[in-house]
Amino acid sequence: MGGQDYLDGQTLLIDKPLEWSSFQVVNKLRWLIRQQFGIKKIKVGHAGTLDPLATGLLLICTGKSTKTINELQGQIKEYTGTITLGATTPSYDLETEFDAQYPIDHLTEEAIYAATKQFEGQIEQFPPVFSALKKDGKRLYEYARNNEEVKISPRIIEINEFEITAINGVNVDFRVVCSKGTYIRSLAHDFGKALSSGAHLSVLRRTKIGEYSVENAITPQAFEKLLEL
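The notes below deal with the structure included here. (Residues numbered from 1 in each chain as written. Predicted model: local features only at pLDDT ≥ 70, side-chain atom pairs only at ≥ 80, totals over all residues. Heavy atoms only, no water.)

1. Considering helix α2 (residues 22-37)
Three or four residues apart is the spacing at which side chains of an α-helix point the same way, because the helix has 3.6 residues per turn.
Here's step 1: Counted at 1.5 Å a residue, the expected span for α2 with its 16 residues is 22 Å, and the 23 Å between its end C-alpha atoms agrees.
Here's step 2: All buried positions along α2 are accounted for by Ser22, Val25, Val26, Leu29, Leu32 and Ile33. End-on view of α2: buried residues confined to an arc of 135°, all on one side of the axis. For α2, exposure combined with an orientation more than 90 degrees from the buried face picks out Phe23 and Gln35.
Here's step 3: The positive-phi residue at the C-terminal boundary of α2 is glycine 38, with phi of around 65°. (Helix = DSSP H or I, 4+ residues; strand = E, 2+ residues; numbered from the N terminus. Expected span 1.5 Å × (residues − 1). Buried < 20%, exposed > 50% of the residue type's maximum accessible area, 1.4 Å probe, protein only. Arc of directions from axis to C-beta.)

2. Overview of the nonpolar core
A general tendency of soluble globular proteins is for nonpolar side chains to be buried together.
Here's step 1: Judged by nonpolar contacts, the single largest core of 42 residues is most densely connected at Ile60, Leu85, Phe162, Phe174, Phe191 and Phe223.
Here's step 2: Contacts of phenylalanine 223, omitting those with residues within four sequence positions, involve Tyr6, Leu12, Ile14, Leu29, Leu32, Ile33 and Ile218.
Here's step 3: Ranked by size, the runner-up nonpolar core spans 10 residues in total, among them Leu57, Cys61, Ile69 and Val214. (Core = buried A, V, L, I, M, F, W, Y, C linked by side-chain atoms within 4.5 Å. Contact = heavy atoms within 4.5 Å.)

3. Focus on the pattern of salt bridges
Here's step 1: By the definition in use, this model includes six salt bridges.
Here's step 2: Residues aspartate 15 and arginine 205 are paired through a salt bridge, measuring 2.7 Å at the closest nitrogen-oxygen approach. Of this pair, aspartate 15 sits in strand β1 (residues 10-16) while arginine 205 is found in strand β12 (residues 199-209), placing the two residues 190 residues apart along the sequence.
Here's step 3: The class for aspartate 15 is buried, based on a relative accessible area of 15%.
Here's step 4: Aspartate 51 is paired through a salt bridge with arginine 185; the nearest N and O atoms lie 2.9 Å apart. (Salt bridge = Lys/Arg side-chain N within 4 Å of Asp/Glu carboxyl O.)

Here it is as structure tokens:
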């Protein structure tokens, strides 16, 4: 594939590594394409952010394909991961330190399986305060980091499927199919509340966006090697 192909538009399936931001992936691929083909300017963007502690499918659009980003962002998504019961964090994942411990002795496997039911279908969800959503021109995480109070409005999202795939002590493995705008971190936090306990998201992997699957994705390192062929 030549430089013109990337300018004309490609949708690249990238398996985002742990601790990379989505922005870092975009920058890396843009730099690689420009270097390899001597292109001065090329548009590169992603269709849906993954948090640094998440891995999995990131759709990277180049050139004219960046016009399809909004459409791709609206697709149904599938995630797998682990919710850890008994403790919460301000960010609802492991990006921040634990802020509270909760009882877990009362939890049964039956209760854990049953709790998924109340999240299926259209539900109201509060986004995490540690998120990049904007309110009054500032990102929510800016308020959170300054310990400023901020009122967040809930959003209507849809959980098509919420399946528990394994329970190992306090670690609950799951698979979720959901609409655009769903925060799996918020789902983990609310799941803990539903069990009269607390919880945080400890592992997250995006496995599908619409018809695109992470099974067909490659790492940024593998993409770099492909370019050199």
